[in-house]
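Now for the letters of each chain:
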Amino acid sequence: MAASETLTPTQSRRAMNLNLVLGSLGTMWAAVAAPGVVLSPFFMNHLGATGEQLGLLTAAIQVASVFNLLSIIVYARIGRVKAFWIATTMVQRLYGFVPAAVAFAAWRGAERASGVLAITIGVAIGWSLAHLSVSGWYTWVTSYVPDDTRATFFGRRSAVLNTVSVVWITAVTVLIDQFGGRDLYLAYFWIFLVAGIAGVLDVILAVLIPEPRRRVPAEGAPAVPARPVFSWQDFTEPVRNRNFLRFALSIALWGFSTSVLSPFIAPYITSADGIGAPNAWLGIMNAITQLATAATAMGWGMLADRFGRKPVVLLGSLYPLVWVAYFFLTPNNYVFILPIAALALGLLAPGINGGAEQLMLTLTTARNRTAYVAWYVAIAGSVPAAGAWLGGKLNDLLKGLAVPFGPITVGGFQVMTLVCFALVLLSFFILSRTREGREKPVAFVLAQLATPSIFRTFLNIGVLGRPEASDRVARALRTTEAASGAIALSDITHRLDDPDTEVREEAAKALGRIGSADAVDALLRHLTDPFSAIRPAAARALGRIGDPRAVEHLVASLADRAEELQEACCQALGRMGVHEALEPLLGLLSEERSDRVAAAAGDAMSRLGAFEAALDLLPRMHATASRGLRRQFAIALGNLLGKPGAFYPYLTGDRASRAAALRRFFAEGQRNVTAILHAAPESFESSNTREAVTGSMRDLRTAVETLDHARIARRVHETVLGLCRQLSGHDLPEDEALGFAFLHSAQLGLGLWFAGEVKSRCLDGAATPTPETAELLEIEAALGVYFLASYEEAPEAG
């Protein structure tokens, strides 16, 4: 429609709403006029058609798909869609009165074989004309449905139409069961008659939906052709597009696979030779399937819009595997198995039923869309005809087959099911090779669906996508979890520009939790915007995502004058583990910056393993008057002395839990020290050193039990110094031992330096400690024991 006038948003919304009404009428017609839970049993069980004849009836609809190719030429000649679609589709809908006439004639006692022929001919003519124009219908619809919400709209449309189908089919099948004998044909007559009227009204009311007219070019602008010019190059373009052709053939093979079995399911369930269930069970199954489809169709549409159509189609294409339940189906258990199978079918089927059309439209070009749609419908629609014919042949050929196989009996219907399964899996493999270009892997989509929070996320999308109060939007963003939040990514990203500051901040936090690289550009836009109020939140979110594109901008933002932004950038760079940021972070730590910024820079450097940061961290831990910052400096030191993040739980516990953690540190340190002593050189100048270390550890145990923190600090220093001497093989003085330790291991050197600093402070400390100095001593003593619990000698290579 590049050369056409577009509709206004109001016109588009009105057209989409009317589309739902017309689709509901069309559903009433198609539910009984096409082979399915109403026409198929009537055709086979009551008109006496054979399996082959039912297969041919289904095939007639599918073969008619080739007429889509003629539509390319027709639309190229006439240029417009609406009038031609209305004319051809009206003829198809008039076919709906043919089954009504056949049922009425059978009620009057007419010969039923002629009814089988009349319905088959009517189907062939009606669907041939309909396929002559259906590709134009897709082009028409895409002219008033926005591309970015197209899958969601079709999901909503599917939900509405399936709800209508549930009510209609349930009423029809219950009505059929109320009649018997010749009166049954009269019931069918009224059902087909009402459906025929609904189908005709659908087409008549379509006149109310506008079709954008081709715009008149402005003066001096290039002339717009009055209508498309047909060319064989355009006609054959879709089949020369290998990716599109592969997709169309894979869907065709999938349709072939399901057509082997699906037309014969309803007759098998209701016939006396099969399960013998009442017709009402077809309505019950349909109701369950359609309600499940209505509940999930919009969800599948959202998944397709956000993660790509391909993974949704692939998952949906596996729904025929649900029919494995028919291997265990008997007249005694169908009341249990049929509802389960119908529910599973309704949950999966929308993925391919709606997704395949959306993927097809994605793979088309706007300039030549009608040709693409025509070829797709022709290929994907006609090939399944052979499947229906094969299914009919197999149904007649295998009639009466019954082979016991363990707890089940394999009959002709089960053999047809196996054939269907094998072909479905083959089509899945071919379909997986289609390239959409922006799709997520199937495993990723499955992981999203398997997350319990997916339902809450869908509810949150409803809030995020509508104009709601800011507190509700902020609450929805806060409750969006990382595991399933990727589906709401576009809605959350949109909220980065919300008028409310809290909403913007919560949106940035949510994007950070989700961790998708697709949000990086939007977050960088806010980080680099000096007027954005959410720059710190954007920086933290970028740190959680960890995308390297953010590094340059985060480093640059360290020079900003806002302390909150500096702190956020330090945290982000530390979380990302970006070693390129070491120099600017060290600059922040050594400069006369606030303790808040210095603590963030120190924490970041500690996560990066920059041991030199300890030279600034320890003095700042003693100098700060803030208890929170003191603990933050201690955590940064803990990151350097041991595993990053592992010292944090000690600081956040109460007195009893801290004492328990200290005992645990000591137990782990005891094992490490023992292992190091056993591995140290045997020929050692001072035979007393090993015994001295052992004695220090014994005294350290007592100090830990009594929470004597000054004594702990002294014994930790003695132990670490003794370990350095043991590892060096010499009785080194303390300053030489420190040099050896740094050469041996930066972590060991830091541990000895830290223990020495703490011991010196203990010796120089005031006689009457204040609460602040007492807390500092407790923290430092715990850090020393934590170092012993963390330090292990690396095994020698070889």
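Note that the structure is predicted; figures quoted are calculated from it, not measured. (Residues numbered from 1 in each chain as written. Predicted model: local features only at pLDDT ≥ 70, side-chain atom pairs only at ≥ 80, totals over all residues. Heavy atoms only, no water.)

> Explain the overall build of the protein chain to me, using residue names and the numbers behind them.
In terms of helices and strands, the protein chain carries 39 helices and 2 strands. What you see for the protein chain is a C-alpha radius of gyration of 37 Å, clearly larger than the 28 Å of a compact globule of 798 residues, by over 25%. Projecting the C-alpha coordinates of the protein chain onto the three principal axes gives extents of approximately 115 × 80 × 50 Å. Burial status across the protein chain gives 55% buried among its 798 residues. (Helix = DSSP H or I, 4+ residues; strand = E, 2+ residues; numbered from the N terminus. Rg over C-alpha atoms; globule rule 2.2 N^0.38 Å. Buried < 20%, exposed > 50% of the residue type's maximum accessible area, 1.4 Å probe, protein only.)

> A description of the environment of isoleucine 61 should follow, citing residues and the corresponding values.
Relative to the elements of secondary structure, isoleucine 61 occurs in helix 3 (residues 51–63). Overall, isoleucine 61 belongs to the buried group, its relative accessible area being 15%. Distance in space between the C-alpha atoms of isoleucine 61 and threonine 120 is 9.3 Å, their sequence separation being 59 residues. Excluding residues that lie within four positions of it along the chain, isoleucine 61 makes contacts with Pro35, Val123, Trp127 and His131. (Contact = heavy atoms within 4.5 Å.)

> Describe unusual backbone geometry, with residues and values.
With phi around 55°, leucine 707 is a residue other than glycine that occupies positive phi space. Summarising the element assignment, leucine 707 is placed in the loop between helix 35 (688–706) and helix 36 (709–728).

> Which residues make up the pattern of salt bridges, and what are the values?
Tallied over the entire structure, the rule returns 18 salt bridges. Of the charged contacts in the structure, one is a salt bridge between arginine 549 and aspartate 547, with a shortest N-O distance of 2.9 Å. Here arginine 549 falls in the partly exposed class, since its relative accessible area comes to 40%. Note that glutamate 778 is salt-bridged to arginine 658, the shortest N-O span being 2.7 Å. With glutamate 778 in helix 39 (residues 771–790) and arginine 658 in helix 34 (residues 655–679), this residue pair connects regions lying 120 residues apart in the sequence. When sorted by exposure, glutamate 778 lands in the same class as arginine 658, which is buried. (Salt bridge = Lys/Arg side-chain N within 4 Å of Asp/Glu carboxyl O.)

> So what's going on with the nonpolar core? Which residues, and what values?
In terms of nonpolar packing, the biggest core is built from 130 residues, with Phe42, Ile119 and Tyr376 touching the most fellow members. The residues touching tyrosine 376, leaving out its near neighbours within four places in the chain, are Phe244, Phe247, Ala248, Ile251, Ala356, Met360 and Gly381. By size, the runner-up hydrophobic cluster in this structure holds 123 residues, among which are Ala304, Leu641, Ile779 and Phe787. (Core = buried A, V, L, I, M, F, W, Y, C linked by side-chain atoms within 4.5 Å.)

> I'd like a description of the pairing of strand 2 (residues 408–411), backed by residues and values.
In terms of strand pairing, strand 1 (residues 402–405) meets strand 2 through 4 bridges, oriented antiparallel. Bridge pairing in strand 2 links valine 403 to valine 410. Joining the antiparallel neighbours strand 1 and strand 2 is a turn of 2 residues, in which glycine 406 adopts a positive phi near 65°. (Pairing = 2+ DSSP bridges.)

> Please provide a residue-by-residue account of helix 3, values included.
Between its first and last C-alpha, helix 3 extends 18 Å over 13 residues, near the 18 Å set by a 1.5 Å rise per residue. Looking at the packing, one finds that the buried side of helix 3 touches helix 2 (39–46), helix 7 (113–131), helix 12 (242–259), helix 13 (265–270) and helix 18 (369–397). (Expected span 1.5 Å × (residues − 1).)

> Describe the confidence of the model for the protein chain, naming the residues involved and giving the relevant values.
The predicted model of the protein chain averages 82 in pLDDT, with 93% of residues at 70 or higher. A low-confidence stretch, residues 221–227 stays under pLDDT 50, and its non-local contacts, those more than four residues away or across chains, total 12 contacts. (pLDDT = per-residue confidence, 0-100.)

> Describe the state of the cysteines, and please don't skip the residues or the numbers.
A full pass over the atoms with the stated rule returns 0 disulfides. Cysteine 570 carries a free sulfur, and the closest cysteine sulfur to it, the one in cysteine 569, is 7.2 Å from it. Judged by its relative accessible area of 0%, cysteine 570 falls in the buried class. (Disulfide = S-S within 2.5 Å.)

> Got a sec to walk through the packing of helix 25 (residues 520–527) against helix 26 (residues 535–545)? Specific residues and values, please.
Two measures define how a pair of helices packs: the angle their axes make with one another and the distance between the axes. At a minimum axis separation of 8 Å, helix 25 and helix 26 run at an interaxial angle of 145°. As for the relative orientation of helix 25 and helix 26, their crossing is left-handed in sense. Touching Val520, Leu523, Leu524, His526 and Leu527 of helix 25 are Arg535, Ala538, Ala539, Ala541, Leu542 and Ile545, all from helix 26. Taken together, the residues of the contact of helix 25 with helix 26 break down into 9 nonpolar, 1 polar and 1 charged. (Axes fitted to C-alpha atoms, helices over the stretch in contact; angles between N-to-C directions. Left-handed = near helix turned anticlockwise from the far one by under 90°. Nonpolar A, V, L, I, M, F, W, Y, C, P; charged D, E, K, R; others polar.)

> Just give me the short version of a nonpolar patch on the surface, but keep the residues and values in it.
Side chains of Ile197, Leu201, Ile204, Leu205 and Leu208 sit close together on the surface and give an oily, nonpolar patch of about 430 Å² of accessible area. Relative to the elements of secondary structure, leucine 205 occurs in helix 10 (residues 183–205). Overall, the relative accessible area of 31% leaves leucine 205 in the partly exposed class. (Patch = residues over 30% accessible without salt bridge, like charges linked within 9 Å, V, L, I, M, F, W, Y side chains within 5 Å. Areas by Shrake-Rupley, 256 points an atom, 1.4 Å probe, with all protein chains shown as cover.)

> Give me the lowdown on the side chain of serine 24, citing residues and values where you can.
Inspection of the secondary structure assignment puts serine 24 in helix 1 (residues 9–33). Judged by relative accessible area, serine 24 falls into the buried class, the value being 14%. Once you skip the residues sitting within four places of it in the chain, serine 24 turns out to touch Val160, Leu161 and Val164.

> If you had to explain the packing of aromatic side chains to someone new, which residues and values would you point to?
What the rule picks out here adds up to 26 aromatic pairs. Relative to phenylalanine 413, the ring of tyrosine 326 lies with its centre 5.8 Å away and its plane at 70°, an arrangement referred to as edge-to-face. One end of the pair, tyrosine 326, is in the loop between helix 15 (309–316) and helix 16 (334–353); the other, phenylalanine 413, is in helix 19 (residues 412–431), and 87 residues separate them in sequence. On the accessibility criterion, phenylalanine 413 (7% relative accessible area) is buried. (Phe/Tyr/Trp six-rings, centres within 6.5 Å; stacked < 30°, edge-to-face > 60°.)

> Tell me about the side chain of aspartate 498, and name the residues and values.
With respect to the helices and strands, the residue aspartate 498 is situated in the loop between helix 23 (489–494) and helix 24 (501–514). Looking at aspartate 498, its side chain comes within polar contact range of the side chain of arginine 495, at 2.6 Å. Each residue touching aspartate 498, except ones within four places of it in the same chain, is listed here: Val503 and Arg504. (Polar contact = N/O pair within 3.5 Å; in protein donor to acceptor, adjacent residues only side chain to side chain.)

> Residue-level account of empty space enclosed by the protein, with values.
With the rule as written, the count across this model stands at 3 cavities of 30 Å³ or more. Roughly 60 Å³ of internal volume is contained in the second largest cavity. For the lining of the second largest cavity, the element with the most residues is helix 34, which contributes 4 residues. (1 Å grid on protein atoms, 1.4 Å probe; cavity = no way out; pocket = protein on both sides within 12 Å on 5 of 7 lines; lining within 4 Å. Points joined across faces, edges and corners; volume = space filled by probe spheres on them.)

> Would you mind going over the packing of helix 34 against helix 36 in detail, with residue names and values included?
Between helix 34 and helix 36, the shortest axis-to-axis distance is 11 Å and the interhelical angle comes to 20°. Between helix 34 and helix 36, the crossing angle belongs to the class labelled roughly parallel. For helix 34 against helix 36, the interelement crossing comes out left-handed. Residue-level inspection shows Leu662, Val673, Ile676 and Leu677 of helix 34 in contact with helix 36, the latter providing Ile712, Thr719, Leu723, Gln726 and Leu727. Among the residues making up the contact of helix 34 with helix 36, the classes are represented as 7 nonpolar, 2 polar and no charged. (Parallel < 35°, antiparallel > 145°, perpendicular 65-115°, else oblique.)

> Describe the environment of proline 530, listing the residues and the values that go with them.
Along the chain, proline 530 turns up in the loop between helix 25 and helix 26. Take proline 530: its relative accessible area is 57%, and that puts it in the exposed class. A sequence separation of 30 residues divides proline 530 from aspartate 560, and the C-alpha atoms of the two residues are 9.5 Å apart.

> Explain helix 24 residue by residue, including any values.
Between its first and last C-alpha, helix 24 extends 20 Å over 14 residues, near the 20 Å set by a 1.5 Å rise per residue. Structurally, helix 24 contributes buried residues whose contacts are with helix 22 (470–478), helix 23, helix 25 and helix 26. Between a side-chain oxygen at the N-terminus of helix 24 and the backbone nitrogen of glutamate 502 the separation is 3.0 Å; the capping residue is aspartate 500. Of the residues trailing helix 24, glycine 515 is marked for its positive phi of about 75°.

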